[in-house]
Every structure is written in C-alpha cells, then in structure tokens.
Amino acid sequence: MIDQNRLIEKAARYEIDAHGVAQKLDDYAAYLVEYNEKVNLTAITDPEGIEDRHFIDSLLLADCPEVAGRVVDVGTGAGFPGVVAKLYRPEIDLTLMEPTGKRVEFLRRLCERLDITADVVKERAEEAARKQWRETFDVATARAVAALPALAEYCLPLVKVGGWFITMKGANAEEEMESAAGAVKKLGAVLEKELSFVLPDNSLRSLIFYRKVSPTPPAYPRNGGKIAKAPLR
C-alpha cells in the first residue's frame with residue numbers, strides 16, 4: 001500500500017527512526033483504505049497522502065518524550081495519532097476515545113489486526129470526564145476535533161495534575177492559542193511550549209503543549225452543546 005522505504009526516508013528528515021514500525025504502518029494503511037469503502041474514516045486514501053498527513057504527522061507527536069504513561073486520544077476517528085503512537089511507543093497505556101459506533105468497531109478490529117493492546121471507549125470526552133476517566137491520564141491528545149478553546153474543555157478535565165494536553169494544529173495555531181488562553185487558565189493548565197513543523201507535503205503542523213498545574217473546577221466540562229455554542233474565554 002504505502003512505500004515503506006519512502007516513509008522511512010521521510011521520517012528520517014525529522015530525526016525519527018521508523019524502521020521498526022514501517023511494516024505495521026503499511027498494514028494499517030491497507031486496512032484503513034479497505035474499511036473506508038464501507039465506513040467514512042478518512043478523505044485521504046492515496047499512499048503519499050496517508051504517509052504525510054496521517055503517519056508522519058502522528059509520528060511527530062509520538063516521538064515527543066512527553067508522550068508516556070496513560071495516554072488518551074480524544075475523538076480519535078480512524079486512530080490518529082493514538083494508534084501510531086502505540087506502534088512507535090509500545091510501552092504507553094493507550095485509550096482511544098471515540099463516540100461513533102462504526103468507527104469504534106473499526107478501531108477494535110484494527111488493534112486486533114495490528115496486535116496492539118488499547119482500551120477502545122465509545123464515549124464523548126465531555127461525558128467521560130464526569131465518569132471514572134476524570135483526571136486519570138498522563139497525556140490527552142487530539143487532532144482535527146474542534147477549535148482550541150472547545151478542545152481544551154474536552155481534553156483537560158481528563159488529564160491528571162502534572163500531566164499534559166498536547167494538541168495538533170495547523171496554519172492557524174497562533175490564533176487558536178490566543179483565543180484559548182482564558183479557557184486553558186480556567187481549566188487548570190498553562191502553555192508550556194509549541195513545536196512547529198512543515199510536513200513533507202508542505203502543510204504546516206504545530207504541536208502545542210499545555211501542562212496541567214491544578215485540578216479542573218467541578219463545573220467543567222459543560223455539556224457538549226454549551227461547549228460548542230459558547231466556548232470558554
């Protein structure tokens with residue numbers, strides 16, 4: 001499906017060694033494209049697009065030392081970046097959180113096919129944070145789920161004090177960071193750093209790291225409708 005050698009060469013440009021995961025990622029890509037014919041998982045189905053926008057993108061996150069311990073991928077969809085992170089860092093304890101049943105079924109089958117262990121949870125993040133998952137994760141991450149003020153409210157209540165919320169954003173990262181500053185503070189976190197990359201297809205990617213420094217107040221997260229209609233400021 002993908003060109004494994006080409007993927008390895010692309011990863012090496014970012015000082016990432018993908019030799020150990022290339023075969024599994026090839027299997028992942030083939031199953032993703034096959035399953036995508038019956039369930040809408042991704043609009044990107046060409047080999048280079050999958051390499052650049054899904055795999056290299058996810059490996060940039062997976063290579064960060066902060067990605068350790070209990071990791072939750074919120075609104076994971078087809079498994080990005082969580083499944084790639086688990087392949088790259090088998091030692092992490094991964095939870096894939098996805099509210100859509102058909103995608104949950106795909107994720108369970110994918111994990112079995114790739115022989116990886118992960119908790120696949122059919123939950124909305126704002127509801128999960130009122131249950132046993134509240135403030136239990138070392139890392140929460142998300143990609144292409146919501147604008148950053150809303151995304152922070154979905155993710156930060158799941159992160160324990162001392163843990164990380166690492167979000168993946170594109171060309172408008174700076175603008176989103178500014179708009180989310182008030183929300184992040186109310187939810188108990190501080191901005192730690194931002195890493196910027198240019199993906200092989202020349203699109204922009206930013207990894208934004210927030211450190212959880214105090215418990216999220218009990219009032220948050222609000223219900224999904226309020227989060228979407230009236231983002232925290």
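Since the structure is predicted, the reported quantities are computational estimates derived from the model, not experimental observations.

Each value, and the rule that gives it
- Residues numbered from 1 in each chain as written.
- Predicted model: local features only at pLDDT ≥ 70, side-chain atom pairs only at ≥ 80, totals over all residues.
- Heavy atoms only, no water.
- Buried < 20%, exposed > 50% of the residue type's maximum accessible area, 1.4 Å probe, protein only.
- Helix = DSSP H or I, 4+ residues; strand = E, 2+ residues; numbered from the N terminus.
- Pairing = 2+ DSSP bridges.
- Right-handed = clockwise from strand over helix to strand, strands pointing away.

Colleague: Give a description of the pairing of strand β4 (residues 137-143) that names residues and reports values.
Modeller: Burial within β4 is extensive, with six of its seven residues counted as buried. Two elements, strand β1 (residues 70-74) and β4, share three bridges in a ladder whose sense is parallel. Bridging across to β4, Val72 finds its partner in Ala140. Where β4 meets strand β5 (residues 159-169), six bridges bridge the pair, whose relative direction is parallel. Across the sheet, the residue bridging to Ala142 is Thr167, located in β5. Read as a crossover between parallel neighbours, the route from β4 over helix α7 (residues 148-155) to β5 is right-handed.

Colleague: Any chance you could break down unusual backbone geometry for me, citing the residues and the numbers?
Modeller: For the peptide bond that leads from Phe80 to Pro81, omega is 5°, which places it in the cis range. Inspection of the secondary structure assignment puts Pro81 in the loop between β1 and α4 (82-88). Phi angles above zero are rare outside glycine, and Glu15 is one such case at about 60°. Within the fold, Glu15 resides in the loop between α1 (4-12) and α2 (22-36). Even without being a glycine, Asn202 presents a positive backbone phi close to 75°. With respect to the helices, strands and loops of the structure, Asn202 is situated in the loop between β6 (189-198) and β7 (204-212).

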